[in-house]
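Inside the fold
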Amino acid sequence: METDLAERAKEAFVDDDFETAVDLYTQAISLNPRNVDLFADRAQANIKLKNFTEAVADANKAIELDPLMTKAYLRKGTACFKLEEYHTAKAALEKGASLAQNDSRFTQLITECDERIAEETGDLNRSSMPKVPVPPIPANASVVSQSSDRSAGNPEEAEQGRSESSQVKEMELFKAKYRHSFYQKPEEVVVTIFAKGVPSKNVTIDFGEQILSIEIDVPGENKYHFQPRLFGKIVPSKCTFEVLSTKIEIRLLKVEAINWASLEYNQEVAVPRHVNISLGSQRPTYPSSKPRTKDWDKLEAQVKKEEKEEKLDGDAALNKLFGDIYKNADEDMRRAMVKSFVESNGTVLSTNWQDVGSKKIEGSPPDGMELKKWEY
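No experiment lies behind these values; they were computed from the predicted model shown. (Residues numbered from 1 in each chain as written. Predicted model: local features only at pLDDT ≥ 70, side-chain atom pairs only at ≥ 80, totals over all residues. Heavy atoms only, no water.)

It is worth spelling out the pairing of strand E2 (residues 188–194) at this point. Among the seven residues that make up E2, six are buried, leaving the element largely enclosed by the rest of the structure. For strand E1 (residues 179–184) and E2, the ladder comprises six bridges, and the chain directions are antiparallel. Looking across to E2, one finds that Arg179 is bridged to Phe194. Where E1 folds back on E2, the antiparallel hairpin that results is connected by three residues. (Buried < 20%, exposed > 50% of the residue type's maximum accessible area, 1.4 Å probe, protein only. Helix = DSSP H or I, 4+ residues; strand = E, 2+ residues; numbered from the N terminus. Pairing = 2+ DSSP bridges.)

Here it is, written out as structure tokens:
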């Protein structure tokens, strides 16, 4: 049954019916989930359907089952290149090239990765300039992949098509199992997976340049797999996660301090906006419907000046005097003021702690007045 499905998937792939090929590979994988060729071939079908994230997942599974399969590294490198994850793509392609030294496809794609990495580095050094659009993979690289895989009777591509459709269905099932949310700061994004009571040994999380891969495999339960292409790029080496009793918290360090409109990448979303971060004593400017904005720093200084120059009379002036004395006093002076004022029922105010610290302060009413004690 498995072999029959693989042959039918191959035929569908050769006929450019990639969706049918993916579906057939999925069925074949469900019968034999240890067949490495099915995953590698489904990865290729995913690439043809431009399901690059799923293609990376299939390629990773194939590499896990057989670390020496060169075409799995080619699939991963191609898919990561399409996702603009050039460092990850280059690493996979270099590994594949070491296993197939005479395969020019690896050399050509590695050269392409180096060119894109150089462009990205130049863009970061010129952040004020518009980004240079990234051209697609050269036609000859694509043709090589197609011609080699689409040759008549090649089971490689047919099997890849099947694996893609199985992964699509599996991912839809896995995503629904646990709820997730995210929030962000200027420099990082925090993703939360609400998975209660999951042992840390059953959680596998991998970070790519623009991919987050989360897998929860608890014995006796359906496997959960969430692998979004992220809205922006991250620094994989500085990303962390923590498995807690009620959730899994993942911290992603952004490459650029931009505002993510969503967690997952969307081609229809406009270019992200850079976050304005206030530095030092600089204060943010708040939006206003008025044509001119107010200088809040200048207004605050003016209010303080008016308060300082304000002339008060009677109790208000006295209270302000006491307040200024207390505000500018050291710790001993403040203790002396509080102790003398409280013990004297508000009739004595001293700033000398050495004088009032060792004795009880008796009340001293003004001339013509009598101090009375109230009994309860």
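Spanning 14 residues, helix H2 (residues 18–31) covers 20 Å between terminal C-alpha atoms, matching the ideal 20 Å at 1.5 Å per step. Among the residues making up H2, those that are buried are Phe18, Ala21, Val22, Leu24, Tyr25, Thr26, Ala28 and Ile29. (Expected span 1.5 Å × (residues − 1).)

Read across the open sheet, the four strands follow the order E1-E2-E7-E6; overall the sheet is antiparallel. Whereas interior strands pair on both sides, the edge strands pair on one side only; in this sheet they are E1 and strand E6 (240–243). Across this sheet, the average inter-strand angle for adjacent strands is 15°, counted without regard to direction. (Axes fitted to C-alpha atoms, helices over the stretch in contact; angles between N-to-C directions.)

Across the sheet, three strands lie side by side as E3-E4-E5; this open sheet has antiparallel pairing. Each end of this open sheet is capped by a strand with a single partner; those strands are strand E3 (203–207) and strand E5 (224–226). With direction set aside, neighbouring strand axes in the sheet form an average angle of 5°. Two strands pair when backbone bridges link them, and strand E4 (residues 212–216) and E5 are joined in this way by three bridges, in the antiparallel orientation. For Glu215, the partnering residue across the bridge sits in E5 and is His225.

Before going further, it helps to spend a moment on the packing of aromatic side chains. The relation between two aromatic rings is expressed through the spacing of the ring centres and the mutual angle of the planes. This model, assessed by the stated rule, comprises four aromatic pairs. Seen in terms of ring centroids, Phe81 and Tyr86 are 5.3 Å apart; in terms of plane orientation they differ by 70°. Their pairing is edge-to-face. Of the two residues, Phe81 and Tyr86, both sit in the buried class. Ring geometry for Phe231 and Trp260: centres 6.4 Å apart, planes at 45°, overall tilted. Of the two residues, Phe231 is situated in the loop between E5 and E6 and Trp260 in the loop between strand E7 (248–253) and helix H10 (296–309); the sequence distance between them amounts to 29 residues. (Phe/Tyr/Trp six-rings, centres within 6.5 Å; stacked < 30°, edge-to-face > 60°.)

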